[in-house]
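Structural features, examined
Now for the letters of each chain:
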Amino acid sequence: MNDHFTDIFTETACPTQDQLLAYVENKLSAAERHEVERHIADCELCSEAVEGLATIRHKEQIPGWLRQAKWDVLQKLRKKTRKKRKEHYYLYIAIISLLILFLAIAVFWLYHFTSR
């Protein structure tokens, strides 16, 4: 999978998804936990993410859900790209058809006037 889509927090100083999940599951060391808590106090996005993660009962299923969500988003993006390509393809066909029609009319017109 494209590395660009692996983690929504890669462009910021926010904890990774795995770190936030480990924080919610109490799997971090005291120092790591303190760092995450300090960040959550200042970052509304991560604070809300932790609140959301805390409400989920089956936390062990979260990585699978994230993979599925990423897969679904990528599939939708690919579908949109294919649709745009298809539209461009039909546009090119129409333009080529019009050019051929124009050339056929021009050849007929030239033949008609030069044969007189």
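The structure presented is a predicted model; accordingly, all values stated were derived computationally and were not measured. (Residues numbered from 1 in each chain as written. Predicted model: local features only at pLDDT ≥ 70, side-chain atom pairs only at ≥ 80, totals over all residues. Heavy atoms only, no water.)

Residues Lys-76, Arg-78, Lys-79, Arg-82 and Arg-85 make up a contiguous surface patch of positive charge. Within the secondary structure, Arg-82 is located in helix 4 (residues 62–114). (Patch = residues over 30% accessible without salt bridge, like charges linked within 9 Å, V, L, I, M, F, W, Y side chains within 5 Å. Areas by Shrake-Rupley, 256 points an atom, 1.4 Å probe, with all protein chains shown as cover. Salt bridge = Lys/Arg side-chain N within 4 Å of Asp/Glu carboxyl O. Lys, Arg positive; Asp, Glu negative; His and termini not counted. Charge placed at Lys NZ, Arg CZ, Asp CG, Glu CD. Helix = DSSP H or I, 4+ residues; strand = E, 2+ residues; numbered from the N terminus.)

Moving on, we get to the nonpolar core. By size, the foremost hydrophobic cluster in this structure holds 14 residues, and its most contacted members are Leu-20, Tyr-23, Val-36, Ile-40, Cys-46, Val-50 and Leu-53. Listing elements by their share of this core, those giving two or more residues are helix 1 (17–24), helix 2 (30–42) and helix 3 (44–55). Looking at which element gives the most residues to this core, the answer is helix 1, with five residues. (Core = buried A, V, L, I, M, F, W, Y, C linked by side-chain atoms within 4.5 Å. Buried < 20%, exposed > 50% of the residue type's maximum accessible area, 1.4 Å probe, protein only.)

Scanning the model with the defined rule gives three salt bridges in all. In this structure, Glu-25 and Lys-27 form a salt bridge, with 3.2 Å as the shortest nitrogen-oxygen distance. On the basis of relative accessible area, Glu-25 is assigned to the partly exposed category, the value being 24%. For Lys-27, a relative accessible area of 60% puts it in the exposed group. The closest approach of N and O atoms between Glu-37 and Arg-33, which form a salt bridge, is 3.6 Å. Taken together, the residues span about one helical turn, with Glu-37 and Arg-33 both in helix 2 at a distance of four residues.

Taking 1.5 Å as the rise per residue, helix 3 with twelve residues should run 16 Å; its terminal C-alpha atoms sit 17 Å apart, in good agreement. For helix 3, the full list of buried residues reads Cys-46, Val-50 and Leu-53. Looking straight down helix 3, one finds its buried side chains confined to an arc of 65 degrees; they lie on one side. Exposed and facing more than 90 degrees away from the buried side of helix 3 are Glu-44, Leu-45, Glu-51 and Thr-55. Residues of helix 3 that are buried make contact with helix 1, helix 2 and helix 4. (Expected span 1.5 Å × (residues − 1). Arc of directions from axis to C-beta. Contact = heavy atoms within 4.5 Å.)

A full pass over the atoms with the stated rule returns two aromatic pairs. Centroid distance Trp-109 to Phe-113: 4.9 Å. Interplanar angle 65 degrees. Geometry classified as edge-to-face. Within this pair, Trp-109 and its partner Phe-113 are both found in helix 4, separated by four residues, close to a single helical turn. (Phe/Tyr/Trp six-rings, centres within 6.5 Å; stacked < 30°, edge-to-face > 60°.)

Attention now goes to helix 2. If you check helix 2, its first and last C-alpha atoms are 19 Å apart, about what 13 residues at 1.5 Å a residue would give, namely 18 Å. Turning to helix 2, its buried residues number three or more, namely Val-36, His-39 and Ile-40. Buried positions in helix 2, seen along its axis, are confined to an arc of 100 degrees and lie on one side of it. Helix 2 presents Ala-30, Ala-31, Arg-38, Ala-41 and Asp-42 as exposed residues on the side facing more than 90 degrees away from its buried surface. Each element contacted by the buried residues of helix 2 is listed here: helix 1 and helix 3.

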